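Observations on chain architecture
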Amino acid sequence: MTLNCNRRLAYVLLLFTALPVWAQEGQESESTRIDQTRLEQSSQRAAEAWGLNQQEYRRYESIMEGPRGTWSPDLDPLTALGLEARSQAERQKYAEKLVETERARVEAELAFQRAYDDAWQRLYPNDMPVNSFSTRDGEDATRSVFGSNPSASSQRLNVVVATEGCDQCDATVKRLLNSGAAMDIWILDSNGDDDRIRSWAAQVGIPPAKVRAGRVTLNHGGSLNVDSSELPRVAPRG
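Quantities reported herein were computed from a predicted structural model and do not represent experimental measurements. (Residues numbered from 1 in each chain as written. Predicted model: local features only at pLDDT ≥ 70, side-chain atom pairs only at ≥ 80, totals over all residues. Heavy atoms only, no water.)

This paragraph deals with the nonpolar core. Counting 27 residues, the largest nonpolar core has V173, M183, I185, W200, I206 and L218 as the members making the most contacts within it. In this structure, W200 is in contact with V161, A162, T163, D170, V173, I185, I187, I206 and L218, ignoring residues within four places of it in sequence. Grouped together as the second largest cluster of nonpolar side chains are eleven residues, A47, Y57, Y60 and L81 included. (Core = buried A, V, L, I, M, F, W, Y, C linked by side-chain atoms within 4.5 Å. Buried < 20%, exposed > 50% of the residue type's maximum accessible area, 1.4 Å probe, protein only. Contact = heavy atoms within 4.5 Å.)

In this section: the environment of W50. Residue placement: W50 occurs in the loop between helix 1 (2–49) and helix 2 (54–64). Judged by relative accessible area, which is 28%, W50 ranks as partly exposed. The spacing of W50 and K97 is 47 residues in sequence and 8.5 Å in space, taken between C-alpha atoms. (Helix = DSSP H or I, 4+ residues; strand = E, 2+ residues; numbered from the N terminus.)

A side chain of one charge can pair with a side chain of the opposite charge if their charged atoms are brought near each other. Tallying each qualifying case throughout the model produces nine salt bridges. Salt-bridge contacts for E102 lead to R105; the nearest nitrogen and oxygen are separated by 3.1 Å. Of this pair, E102 and R105 both sit in helix 5 (residues 88–123), separated by three residues, roughly a single helical turn. Since its relative accessible area comes to 27%, E102 is described here as partly exposed. (Salt bridge = Lys/Arg side-chain N within 4 Å of Asp/Glu carboxyl O.)

Here we take up the packing of aromatic side chains. Under the counting rule described, the total for this entry stands at one aromatic pair. Here Y57 and Y60 contribute two aromatic rings whose centre-to-centre distance is 5.4 Å and whose plane-to-plane angle is 55°, an arrangement assigned as tilted. Of this pair, Y57 and Y60 both sit in helix 2, separated by three residues, roughly a single helical turn. Considered together, Y57 and Y60 belong to a single accessibility category, that of buried residues. (Phe/Tyr/Trp six-rings, centres within 6.5 Å; stacked < 30°, edge-to-face > 60°.)

As a further point, take the confidence of the model for the protein. Close inspection of predicted coordinates is inappropriate in any region flagged by low pLDDT. The pLDDT averaged across the protein works out to 77; a share of 71% of its residues lies at or above 70. A low-confidence stretch, residues 133–154 stays under pLDDT 50, and its non-local contacts, those more than four residues away or across chains, total 38 contacts. (pLDDT = per-residue confidence, 0-100.)

Turning next to the side chain of T217. Structurally, T217 is set in strand 4 (residues 216–220). A distance of 3.0 Å separates a polar atom in the side chain of T217 from a polar atom in the side chain of N219. (Polar contact = N/O pair within 3.5 Å; in protein donor to acceptor, adjacent residues only side chain to side chain.)

Attention shifts here to the pairing of strand 4. Counting buried residues in strand 4 gives five out of five residues, a clear majority hidden from the surface. In strand 4, alternate side chains face the same way, and those of V216, L218 and H220 on one face and T217 and N219 on the other are all buried. Pairing between strand 3 (residues 182–187) and strand 4: five bridges, direction parallel. From the neighbouring strand, W186 faces strand 4, where its bridge partner is N219. (Pairing = 2+ DSSP bridges.)

Here's what the structure looks like:
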């Protein structure tokens, strides 16, 4: 009798000892399921943002885990899928998706730029507006200045200058102003300071009316890959 009681007691103790392990395993399993669900939801949102289904987005992730991800680590899903397309039809599909996505992006940015210009004119009508360099940095920003742009007028110029240590920059801008040229001026050493650009523009004699009318634009050009020894740099826009 005593032996049986001892056995039952040992079994109960063993049961209570094991319960925390079972509970811990259950908690870990539940935590894993939650993390997996969150990961899937995040992936689904990203896929929908690019107009892709889950299968397409998983293929994109697989592509970026391979050589393409090493060559181009910041590649967007549509470009990656297009570059690694398995057929001409697939390549065409992603090319068209990218065109539509880029068009929507540009339209949104232009709409906001117009709203910004209207706000500037309303709030600071007597100050010269200074444009930020670009919504894209680095190579893309450089191409936006010196790259191909079929819709741009060939009579408009891109002029890259510095506010300090470049007397020729000032002389060139003054000459172009006197000739009546329309131009977009990019200041390499503005360091993001609008007032520095405005001060330089006033010193050179850029008429505020031309800036407000858009004949001359003043832009931060710190992201341009132009050596100071090449200044001033003048090139037709487009």
